[in-house]
Amino acid sequence: MVLKLGINEWPMPGRLVSAQRTRTNIITHKKRWRALVPYAVWKDLFFAAFILLAVAACALYLVRSSYRPPGPDDHPDGAETRLLLFVAVRLLSYLPPSMETPALLIGP
């Protein structure tokens, strides 16, 4: 409707609405206008790639800094994992049945 009628100014007391001034503003705006597809999409892709690379770099740094070669203290059968699971199940058994779901979903 703005392009068809040529008026998009907000009416104010004491100021006349001018279709000619609106057409001039539209032409000026069209000269500055950039298409969405080539410019905005490339900017979004660049930013998304930057964020993904930053997350990957952080993950790589954390994995490399926490790595240690296996030693004699490592348990291949996962005994400590089973012990932690046993403790967690034992603690949950003391809760009333109505509190198990909130404790498992909201607690962590």
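What you see is a predicted model, and the numbers here were worked out from it, not measured in a lab.

**Student:** For this particular structure, what's the right way to read the overall build of the protein?
**Tutor:** Within the protein one finds 5 helices and 0 strands. Counting helices and strands in the order they occur from the N terminus, the protein gives α-α-α-α-α. When each of the 108 residues of the protein is scored for burial, the buried share is 5%. Summed over all atoms, the accessible surface of the protein reaches about 10400 Å², with 71% contributed by carbon and sulfur.

**Student:** Got a minute to help me understand the confidence of the model for the protein in this structure?
**Tutor:** Here the protein averages 77 in pLDDT, while 68% of its residues score no lower than 70. Of all helices and strands in the protein, the one with the weakest mean pLDDT is helix H1 (residues 2–5) (56), whereas helix H3 (residues 36–66) scores best (90).

**Student:** Looking at this structure, how should I read H3?
**Tutor:** An α-helical segment advances 3.6 residues per turn. Residues three or four places apart therefore align on the same side. Over its 31 residues, H3 extends 44 Å from the first C-alpha to the last, a length consistent with the 45 Å expected when each residue adds 1.5 Å. H3 sits mainly on the outside: 0 of its 31 residues count as buried.

**Student:** How do you make sense of a nonpolar patch on the surface when you look at a structure like this?
**Tutor:** Taken together, the side chains of Leu36, Val37, Val41, Trp42 and Leu45 present a nonpolar region at the surface, about 560 Å² in accessible area. Position of Leu36 relative to the elements: it lies in helix H3.

**Student:** So what exactly am I meant to see when it comes to the environment of Ala103 here?
**Tutor:** Among the secondary structure elements, Ala103 is positioned in helix H5 (residues 97–105). Judged by relative accessible area, which is 30%, Ala103 ranks as partly exposed. C-alpha separation for the pair Ala103 and Leu92, spaced 11 residues apart in sequence, amounts to 8.3 Å. Leaving out residues up to four positions away in the same chain, Ala103 has contacts with Leu92, Leu95 and Pro108.

What counts, and at which threshold
Residues numbered from 1 in each chain as written. Predicted model: local features only at pLDDT ≥ 70, side-chain atom pairs only at ≥ 80, totals over all residues. Heavy atoms only, no water. Helix = DSSP H or I, 4+ residues; strand = E, 2+ residues; numbered from the N terminus. Buried < 20%, exposed > 50% of the residue type's maximum accessible area, 1.4 Å probe, protein only. Areas by Shrake-Rupley, 256 points an atom, 1.4 Å probe, with all protein chains shown as cover. pLDDT = per-residue confidence, 0-100. Expected span 1.5 Å × (residues − 1). Patch = residues over 30% accessible without salt bridge, like charges linked within 9 Å, V, L, I, M, F, W, Y side chains within 5 Å. Salt bridge = Lys/Arg side-chain N within 4 Å of Asp/Glu carboxyl O. Contact = heavy atoms within 4.5 Å.

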